[in-house]
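Structure assessment
Chain residues, written in single-letter form:
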Amino acid sequence: MSQITLKSYDTGRKPVWCPGCGNFAILTAFKRALYELKIRPEKVVVVSGIGCHGRITGYVKTNSIHTIHGRVLPIATGIKLANHELLVFGFAGDGDAYAIGLGHLPHAARRNIDIKYVVHNNMVFGLTTGQVTPTTPVGVKTRSTPYGNVEQPLNPLALALASGATFVARGFSGDVNHLTYLFKEAIKHKGFAFIDVLQPCYTFYNTYSYFRERVYKLEEAGHDPTNLEEALKKAYEWNNRIPIGIFYKVKRPTFEELKDALRRGPLARRNIEDVDITGIYEVFR
Ligand code: SF4
């Protein structure tokens, strides 16, 4: 077995993201986390949706699938059910995850399936040249809101917490080391891990300095990540100070652990004749 280096995760393709795009930091942090935890590339599956973020599947040398708009979580769930020994990462954009794909987040969270879900939240549709998304702040002028957005933005962290997610975090593309730490903690967590990343779109909504002036780390502020009430309070903190880090982390049996049909090993390795059909039906229902 060859030795793992950082290059082991590199396809050699040059990213086509705009210079300065926050997606670079997410890509770097992801590869670093895999490398530091010595996870073999063939054990990893990356699923991405539609948007600028979606190109990440072309830049990481793992198993990967660049899927359709808003459907990262259903595809990732199917892969995890077929072979739950794989580390499955879903990457989605805010337009992808919080608009057309929003219905999937609460169910993956309450189910506690062991998938890692990273949302590149730049608060704008970047690929289609800058339209409003569900997380665009009020007043922001975009191509589709030339007089300023009038809709209240969605709070993804509060939604994930209210849905029963067992790991909820926020990262910032301006801090790769901290983002790497969050990815590593998400990988070590058994269960659904959700990371919303403040990922400035350098071209259509450049928020680097806005966030740089405001973000602070929960790990340095004495936050207790096992306290749901405190996590919810922090999820609503969005003013002169914006928290990043792990808001909430608790242990709960995963979906895979609770399902008899999966407890006996990955479905992908078993003969269909040996599998209890009732269990399979239940898994895929
Ligand atoms: Fe990144 Fe925005 Fe360019 Fe897309 S449009 S690659 S999100 S900077």
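Quick note: structure is the one above.
None of the values given here were measured: they were computed from a predicted structure. (Residues numbered from 1 in each chain as written. Predicted model: local features only at pLDDT ≥ 70, side-chain atom pairs only at ≥ 80, totals over all residues. Heavy atoms only, no water.)

On to the sheet that holds strand β5 (residues 167–172), then. Spatially, β2-β1-β3-β4-β6-β5-β8-β7 is the arrangement adopted by the eight strands of the open sheet, whose pairing is mixed. The sheet is open, and its two borders are formed by β2 (63–66) and β7 (215–217), each paired with just one other strand. For this sheet, the mean inter-axis angle between neighbouring strands, taken without regard to orientation, is 20°. Relative to strand β4 (residues 115–121), strand β3 (residues 87–93) is paired through six bridges, and the arrangement is parallel. Counterpart to Phe91 in the pairing with β4 is Val118. (Pairing = 2+ DSSP bridges. Helix = DSSP H or I, 4+ residues; strand = E, 2+ residues; numbered from the N terminus. Axes fitted to C-alpha atoms, helices over the stretch in contact; angles between N-to-C directions.)

Turning our attention to the pairing of β5. Summarising burial for β5: six of the six residues are buried, a large majority. Both faces of β5 are covered, namely the face carrying Phe167, Ala169 and Gly171 and the face carrying Val168, Arg170 and Phe172. Where β5 lies against strand β6 (residues 193–198), six bridges are found, and the strand directions are parallel. Bridge pairing in β6 links Phe172 to Leu198. The pairing of β5 with strand β8 (residues 242–249) spans four bridges and is antiparallel. In the strand pairing of β8, Phe167 is matched with Lys249. (Buried < 20%, exposed > 50% of the residue type's maximum accessible area, 1.4 Å probe, protein only.)

This brings us to the layout of surface pockets. Within this model, the largest pocket holds a volume of roughly 290 Å³. Contributing to the lining of the largest pocket are 17 residues, with Pro153, Leu154, Asn155, Pro156 and Trp238 lying nearest its centre. Of all the elements in the fold, those that place two or more residues in the lining of the largest pocket are α5 (156–162) and β6. (1 Å grid on protein atoms, 1.4 Å probe; cavity = no way out; pocket = protein on both sides within 12 Å on 5 of 7 lines; lining within 4 Å. Points joined across faces, edges and corners; volume = space filled by probe spheres on them.)

The subject of this paragraph is the nonpolar core. Counting residues in hydrophobic clusters, the biggest one holds 35 residues, and the most contacted among them are Leu73, Leu105, Tyr117, Val168, Phe192, Phe194 and Phe247. For Phe247, the residues in contact, after removing those within four places along its chain, are Leu157, Val168, Ala169, Arg170, Leu218, His223, Pro225, Ala231, Lys234 and Ala235. Counting 31 residues, the second largest nonpolar core, distinct from the first, contains Ala33, Ile39, Val44 and Leu179. (Core = buried A, V, L, I, M, F, W, Y, C linked by side-chain atoms within 4.5 Å. Contact = heavy atoms within 4.5 Å.)

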